[in-house]
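For reference, the chains in residue letters:
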Amino acid sequence: MRASQEDFENATNQVKLLKKDPGNEVKLKLYALYKQATEGPCNVPKPGVLDFINKAKWDAWNALGSLPKETARHNYVDLVSSLSASSESSIQVTPAADRKQPGSDALVVTSQDGITTITLNRPDKKNALTTQMYHDIMLALEAASKDDSAITVLTGNGDYYCSGNDLTNFTDIPPGGVEEKARSGAVLLRDFVDRFIDFPKPLVAVVNGPAVGISVTILGLFDIVYATDRATFHTPFSHLGQSPEGCSSYTFPKIMGPSKATEMLVFGKKLTAREACTQGLVTEVFPDSTFQKEVWVRLKAYSKLPPNAMRISKQVIRNTEKEKLHAINAEESNILRERWLSDECMNAVVSFLSKKAKL
Ligand SMILES: CCCCCC/C=C/C(=O)SCCNC(=O)CCNC(=O)[C@H](O)C(C)(C)COP(=O)(O)OP(=O)(O)OC[C@H]1O[C@@H](n2cnc3c(N)ncnc32)[C@H](O)[C@@H]1OP(=O)(O)O
């Protein structure tokens, strides 16, 4: 069977998620097939002999001669599929949704079997959330709320689920100064969390490794949280001179009781996956060795349930608290805006950026 345009787009996304570097030879093959599939036979002048990299790329593309675009597309899909099978990717790779991909590779959105999956894809930075990623996640949630999937999943690529807010976000100071930075950060935070409060379909976190900061707090707004037994849950807000967000000042005491919530949110106690499960933040913990397999089998079965019934049932549960959650989100965002201007917070960020402090 020939590869469709959708298969091809999916393969171009899968390549971004490969865990192992496939090596230069394979990368050149991928490059050549991609160019042939999208532009046809090599049509650019040969680079000079000293331009080693571009010459190698040109040679690889040119070597495909007049291979038809469809065949190149098919061969590209086959090659990526063989690489994915051997790369032990920690990600459930699914065909591309009929949607626009986010502006950068740091977020990958795929859709298959009634499940739209949003994958944080900055494994070398432990999937820390850049400002661009907050915007892209909001767009991805917006699209997922309208697509024909039954369930939406958030997960991470690599050994971490997410290390929380990218602390370098604090270094990009606009002309309005730190006050303006804190103001716009609070607006972004509020908008971001609002999307989770309002998300209309079942929302599942597939927590593939340690989670920090805002990636933990918003779990209280998910409908299901599945975690590998390697995951930990850490909200070191006091250490960072900050305060809780993601509605956790309300959801955590409600889920685990005020004193356990205080241990996490005020004293920064890091929970293991099993502790988080006992306390109700995590739905179920799976052995790391079978985590991906077991979780996706489960989710695929759930995704076959009548989607409208699931959506309506979720909304019935959420609607009782929506207004309250929005008010809490607004309040937490306001308080954080002030915290970001405090010496305690600035010192903690400077300390991390100068590599003196780690959690
Ligand atoms: C719209 C704005 C909303 C903001 C909402 C408020 C949000 C609050 C929070 O999320 S608070 C939590 C913030 N996160 C942190 O404080 C985590 C900081 N990171 C660490 O402490 C550690 O990196 C670690 C414990 C997560 C992992 O340690 P380790 O396994 O030793 O790995 P490395 O430290 O070597 O990390 C690899 C690489 O990633 C970079 N990195 C990791 N986390 C972050 C981060 N949160 N921000 C920026 N960069 C991060 C780290 O610097 C390394 O980069 P390098 O290889 O050195 O270039």
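Overview of the structure.

What counts and how
- Residues numbered from 1 in each chain as written.
- Predicted model: local features only at pLDDT ≥ 70, side-chain atom pairs only at ≥ 80, totals over all residues.
- Heavy atoms only, no water.
- Helix = DSSP H or I, 4+ residues; strand = E, 2+ residues; numbered from the N terminus.
- Buried < 20%, exposed > 50% of the residue type's maximum accessible area, 1.4 Å probe, protein only.
- Contact = heavy atoms within 4.5 Å.
- Polar contact = N/O pair within 3.5 Å; in protein donor to acceptor, adjacent residues only side chain to side chain.
- Phe/Tyr/Trp six-rings, centres within 6.5 Å; stacked < 30°, edge-to-face > 60°.
- Pairing = 2+ DSSP bridges.
- Axes fitted to C-alpha atoms, helices over the stretch in contact; angles between N-to-C directions.
- Right-handed = clockwise from strand over helix to strand, strands pointing away.
- Patch = residues over 30% accessible without salt bridge, like charges linked within 9 Å, V, L, I, M, F, W, Y side chains within 5 Å.
- Areas by Shrake-Rupley, 256 points an atom, 1.4 Å probe, with all protein chains shown as cover.
- Salt bridge = Lys/Arg side-chain N within 4 Å of Asp/Glu carboxyl O.

## Overview of the environment of Ser 249
Along the chain, Ser 249 turns up in helix 8 (residues 248–256). Judged by relative accessible area, Ser 249 falls into the partly exposed class, the value being 38%. Every residue in contact with Ser 249, bar those within four places of it in the chain, is listed here: Pro 244, Leu 265, Ile 328 and Glu 332. Engagement of the side chain of Ser 249 in a polar contact is seen with the side chain of Glu 332, the distance being 2.5 Å.

## Quick word on the packing of aromatic side chains
Two descriptors summarise a pair of aromatic rings, namely the distance from one centre to the other and the angle between the planes of the rings. Tallying each qualifying case throughout the model produces nine aromatic pairs. With a centroid separation of 5.7 Å and an interplanar angle of 20°, the aromatic rings of Phe 8 and Tyr 34 are classed as stacked. Pair noted here: Phe 8 is in helix 1 (residues 5–16) and Tyr 34 is in helix 2 (residues 24–39), with a separation of 26 residues, a long-range link. The exposure class of Phe 8 is buried, given its relative accessible area of 4%. Between the aromatic rings of Phe 170 and Trp 340, the centroid separation amounts to 6.1 Å while the plane-to-plane angle is 70°, which identifies the pairing as edge-to-face.

## Here we look at the sheet that holds strand 4 (residues 203–207)
One open sheet holds the six strands; their spatial order is 1-2-3-4-6-9, and the pairing between them is mixed. Bordering the open sheet on either side are strand 1 (107–112) and strand 9 (284–286), each of which pairs with just one other strand. For this sheet, the mean angle separating the axes of adjacent strands, direction not counted, is 20°. Across the sheet, helix 5 (residues 131–146) lies against strand 1, strand 2 (115–120), strand 3 (151–156) and strand 4, angled at about 175° from strand 2, the strand it touches most.

## Regarding the pairing of strand 3
The element strand 3 is largely enclosed, with a buried count of six among its six residues. Residues Ile 151, Val 153 and Thr 155 point to one face of strand 3 and Thr 152, Leu 154 and Gly 156 to the other, with burial holding for every one of them. Bridge analysis of strand 2 against strand 3 gives six bridges, and the strand direction is parallel. Pairing of Ile 118 across the sheet is with Leu 154, part of strand 3. Considered for its hand, the β-α-β crossover made up of strand 2, helix 5 and strand 3 is right-handed. Both strand 3 and strand 4 contribute to a ladder of four bridges, which runs parallel. Paired with Thr 152 across the two strands is Leu 203, which belongs to strand 4. Viewed along the sheet, the connection from strand 3 through helix 6 (residues 177–198) into strand 4 turns out right-handed.

## Brief notes about a nonpolar patch on the surface
Taken together, the side chains of Ile 173, Val 178 and Met 346 make up a nonpolar region of the molecular surface, amounting to roughly 210 Å² of accessible area. By the element assignment, Ile 173 lies in the loop between strand 3 and helix 6.

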